[in-house]
Structures are given as structure tokens and as C-alpha cells.
Amino acid sequence: MNCPRCGNELRISRKDPRFGLCDTCRKKYRLPEQKAPQAQKEEEEHYPKYANIPPKAVREKRETEMRRAYDELLAIGKEEREGKRGLFGRRKKSK
């Protein structure tokens with residue numbers, strides 16, 4: 001792209017490639033957005049947006065394991081509470 005002021009070629013900025021710099025005018029101009037090809041859009045649909053999220057089958061398997069472990073933890077907590085004694089070593093009165 002050329003400079004709108006002097007007509008010289010703009011060089012792309014190293015800091016932000018969205019801007020073009022004119023060495024003659026010492027000005028910075030925003031470059032027009034480039035249209036993404038259709039092939040890139042198709043690739044994005046096939047691959048997940050975030051790389052750190054495992055596939056759905058793996059997530060569901062792990063969630064069922066965690067639910068089972070949590071249910072076991074709650075069951076152990078109930079057993080401990082039933083046999084727990086009060087502050088002075090006496091059994092707590094049941095309501």
C-alpha cells in the first residue's frame with residue numbers, strides 16, 4: 001500500500017503488523033483488514049477453539065470418575081458424623 005500523503009510505499013510495523021509506516025512523512029497509517037480465505041474458516045470448525053480442552057469422550061469419562069469419588073466422600077462423611085462424640089467425650093444427643 002502507498003502513503004496517502006506522499007505516495008511512497010509503506011513498510012509494515014514490527015510492533016503491530018496492522019499498521020504501515022511512511023519513512024518520508026514519518027506517519028503511521030492503519031492498514032485495511034485482509035479477508036481470511038475460506039480454507040482457514042473450515043479448519044477452525046474441525047479443530048477446537050482452545051487447545052487445553054480434551055475431547056468430549058475424555059471429559060465425560062473424567063467427570064463420571066469425579067462424581068463417583070465425590071459421592072463416596074460424602075458417604076464417608078455421614079458415617080463419621082454418626083459416630084462422632086461431643087466436646088467432652090460424651091455422645092451428642094440425637095434429635
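All of the points below concern the structure found in this document.

Rules used in this analysis
- Residues numbered from 1 in each chain as written.
- Predicted model: local features only at pLDDT ≥ 70, side-chain atom pairs only at ≥ 80, totals over all residues.
- Heavy atoms only, no water.
- Patch = residues over 30% accessible without salt bridge, like charges linked within 9 Å, V, L, I, M, F, W, Y side chains within 5 Å.
- Areas by Shrake-Rupley, 256 points an atom, 1.4 Å probe, with all protein chains shown as cover.
- Salt bridge = Lys/Arg side-chain N within 4 Å of Asp/Glu carboxyl O.
- Helix = DSSP H or I, 4+ residues; strand = E, 2+ residues; numbered from the N terminus.
- Core = buried A, V, L, I, M, F, W, Y, C linked by side-chain atoms within 4.5 Å.
- Buried < 20%, exposed > 50% of the residue type's maximum accessible area, 1.4 Å probe, protein only.
- Contact = heavy atoms within 4.5 Å.

## Observations concerning a nonpolar patch on the surface
Reasoning step 1: Residues Y70, L73 and L74 make up a contiguous nonpolar surface patch of about 320 Å² in total accessible area.
Reasoning step 2: If you trace the backbone, Y70 turns up in helix α2 (residues 56-82).

## Notes on the nonpolar core
Reasoning step 1: In terms of nonpolar packing, the biggest core is built from six residues, these being C3, L10, C22, C25, Y29 and L31.
Reasoning step 2: Here C25 is in contact with C3, R5 and C6, once residues within four sequence places are set aside.

## Concerning the pattern of salt bridges
Reasoning step 1: As enumerated under the stated definition, the model contains three salt bridges in all.
Reasoning step 2: Among the salt bridges present, the one from R18 reaches D16, with a minimum N-O distance of 2.9 Å.
Reasoning step 3: A salt bridge links R62 to E65; the nearest nitrogen and oxygen atoms lie 3.4 Å apart. Taken together, the residues span about one helical turn, with R62 and E65 both in helix α2 at a distance of three residues.
Reasoning step 4: Using a relative accessible area of 48% as the deciding quantity, one classes R62 as partly exposed.
Reasoning step 5: Classification of E65 as partly exposed rests on a relative accessible area of 32%.

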